[in-house]
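Remarks on the overall topology
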Amino acid sequence: MSSSAEIYNHALDMVKENRRRRIEGLHNSIPFTFSRFNRVIPGIQKSNYTLLSAGTGIGKSKFAKQAYCYDAVDFIMKRPESGVKLKIFWFALEESKQAFMHSMMVMWLYREKGVYCPIKNLKSMNFTNDNEDVIPEEYIHLLESDEAKEWAEKFLECVEVIDDIRHPTGVYSYVRSFCENNGRWTMKDKEFNISGEVVVKQVHDRFIPNDSELYCLVVIDHISLVSTEKGIDTQHRAMSKMSIYNMELRDKYGCSVLVIQQQAFESEKKQYSYKGQLIHEKLEPTLQTLGDNKIISRDANEVLALFAPDRFEIGDYRGYDISKLEDNFRSLQVLKSRDGEANVRIGLFFNGGVNHFKELPKSSNMTSGIYNELLREAKKEIPQQGILNFS
């Protein structure tokens, strides 16, 4: 067992090392593209466990794909001088690798080329006599360009999409194997009492990665779809086992873990049925209304949630004019934060067709001009100066 002095000194060493790194201009997290939100949750952090929740169809996976995948990789690509490296294991439990990549193509076209091309258009799915919804040939040329292929190659060096492992032990073993192959354990002596005799054995002490600049991010989308396995015969127990493994990946190997979890269907139905009788505080996601397994929120460092007030015909939400923004508004909420402030809400503009979120000014700073710009973007009129940014 480590002495109290060793525990204290190890914790202090981390404080001093992080300070040194910031003074030298290095990063201790991969920041989000939401400036106000970054002050509450400082980006993707090592040794961290985040749970993201919302009702059905609100945009949980789309938010995760932007904030924890596309934007994170974009940070790495565009700031090579930072020295930060990233490996994302995206366990896609509700879509295929191909479907995941289609969503990234849509985001790349929008972010880098200012092209609005929802997935249904990307795949030319709708049938119209004038072929209005067929992907234009010039978009194909953009995706075939050397620029796009270079981006895809670098992106997939950082992101591994796994769509064929669904049980908790399989997920844990896959990530642990990567960590073990890219780091080492320090050892320590530990006494065991075996049949009355004290025996000293070497056991694992601390895991040290080979590259201290490497962030290992594990995303499970979504945890309610993990499968049962031997000795775990219910969905609830499978989710609990997965959460135990997530804590081990966080605490032993320094991984950052993001779990996506539904809000309870019963809660959504009840809230909608009585929408005229309840104020918006009663409609927002809570820790108590997590679906399928409420207790795993106890394991997470942070619990985030998305809320769409337009779904409940709320015209004014905490000062934002939802009658104008309609379903393009989302509230990003911090329901729990071990290391910071909770009960925080950040307004976001949401362009669902192209998986794009952006932070809005505080409601008190919203002007008619900002609303008009947002409405033009919602109507797919992309401004010539590029994607709007109000941060």
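The notes below deal with the structure included here. (Residues numbered from 1 in each chain as written. Predicted model: local features only at pLDDT ≥ 70, side-chain atom pairs only at ≥ 80, totals over all residues. Heavy atoms only, no water.)

Right, let's get into the pattern of salt bridges. Within the structure shown, the criterion is met by 20 salt bridges. Across the pair Asp327 and Arg311 runs a salt bridge whose closest N-O atoms are separated by 3.0 Å. Taken together, the residues span a long stretch of sequence, with Asp327 in the loop between helix H12 (322–325) and strand E11 (329–337) and Arg311 in the loop between strand E8 (302–307) and strand E9 (316–317) at a distance of 16 residues. What makes Asp327 partly exposed here is its relative accessible area of 28%. For Arg311, a relative accessible area of 33% translates into the label partly exposed. Among the salt bridges present, the one from Asp327 reaches Arg330, with a minimum N-O distance of 3.2 Å. Take Arg330: its relative accessible area is 0%, and that puts it in the buried class. (Salt bridge = Lys/Arg side-chain N within 4 Å of Asp/Glu carboxyl O. Helix = DSSP H or I, 4+ residues; strand = E, 2+ residues; numbered from the N terminus. Buried < 20%, exposed > 50% of the residue type's maximum accessible area, 1.4 Å probe, protein only.)

Enumeration according to the criterion identifies 20 aromatic pairs in this entry. Ring plane angle 10° and centroid distance 5.8 Å describe the contact between Phe34 and Phe63, whose orientation is recorded as stacked. In this pair, Phe34 is assigned in the loop between helix H1 (4–23) and helix H2 (35–38) and Phe63 in helix H3 (residues 60–78), connecting sequence segments 29 residues apart. Each of the two residues, Phe34 as well as Phe63, counts as buried. Measuring from ring centre to ring centre gives 5.9 Å for Phe89 and Tyr174, while their planes differ by 85°; the resulting arrangement is edge-to-face. Linking Phe89 in strand E2 (residues 85–92) with Tyr174 in helix H8 (residues 168–181), this pair joins segments that are 85 residues apart in sequence. (Phe/Tyr/Trp six-rings, centres within 6.5 Å; stacked < 30°, edge-to-face > 60°.)

On the surface, Tyr8, Leu12 and Val15 cluster together to form a nonpolar patch covering roughly 310 Å² of accessible area. With respect to the element layout, Val15 can be found in helix H1. Its relative accessible area of 54% is what places Val15 among the exposed residues. (Patch = residues over 30% accessible without salt bridge, like charges linked within 9 Å, V, L, I, M, F, W, Y side chains within 5 Å. Areas by Shrake-Rupley, 256 points an atom, 1.4 Å probe, with all protein chains shown as cover.)

So, about helix H13 (residues 368–378). Because each turn of an α-helix spans 3.6 residues, side chains separated by three or four positions end up pointing in the same direction. Looking at H13, one finds that the buried residues are Ile370, Tyr371, Leu374 and Glu377. Buried residues in H13, looked at end-on, bunch into an arc of 125°, giving them a common side. Residues of H13 that are buried make contact with helix H4 (97–113), strand E10 (320–321), H12, strand E12 (344–351) and strand E13 (356–359). (Arc of directions from axis to C-beta. Contact = heavy atoms within 4.5 Å.)

All right, on to the sheet that holds E12 then. If you trace the nine strands from one edge of the open sheet to the other, you get E3-E2-E6-E7-E1-E8-E11-E12-E13, paired in mixed fashion. In this open sheet, the two edge strands, each paired with only one partner strand, are strand E3 (159–162) and E13. Going across the sheet, the axis of each strand differs from the next one's by a mean of 25°, ignoring polarity. By the bridge criterion, six bridges tie E8 to E11 in an arrangement that is antiparallel. Counterpart to Val303 in the pairing with E11 is Lys336. Strand contacts of H3: strand E1 (48–54), E2, E3, strand E6 (214–221), strand E7 (256–262), E8, E11, E12 and E13, with the helix running at about 155° to E2, the strand carrying the most contacts. Sitting on the sheet, H4 is in contact with E2, E3, E12 and E13, with an inclination near 145° to E3. (Pairing = 2+ DSSP bridges. Axes fitted to C-alpha atoms, helices over the stretch in contact; angles between N-to-C directions.)

This paragraph deals with the pairing of E12. Within a regular strand, the side chains alternate between the two sheet faces. Counting buried residues in E12 gives seven out of eight residues, a clear majority hidden from the surface. Inspection of the sheet shows E11 paired to E12 by six bridges, in the antiparallel sense. In the strand pairing of E12, Phe329 is matched with Phe349. What sits between the antiparallel neighbours E11 and E12 is a turn of six residues, in which Asn343 has the positive phi angle 60°. As paired strands, E12 and E13 are joined by four bridges and run antiparallel to one another. Within the sheet, the bridge partner assigned to Phe349 lies in E13 and is Lys358. Between the end of E12 and the start of E13, which pair antiparallel, lie four residues, with Asn355 showing a positive phi angle near 55°.

Once that is clear, we can look at the side chain of His102. With respect to the secondary-structure elements, His102 resides in helix H4. Beyond its immediate stretch of four places on either side in the chain, His102 contacts Ile119, Leu122 and Lys123.

Counted residue by residue, E1 has seven buried out of seven residues, so it is predominantly covered. Note that E1 and E7 share seven bridges and pair parallel. Directly across from Asn48, in E7, lies its bridge partner Ser256. Across four bridges, the pairing between E1 and E8 is parallel. Considered in E8, the bridge of Ser53 is made with Ala305.

Note that all results are geometric; they support no functional claim without further evidence.
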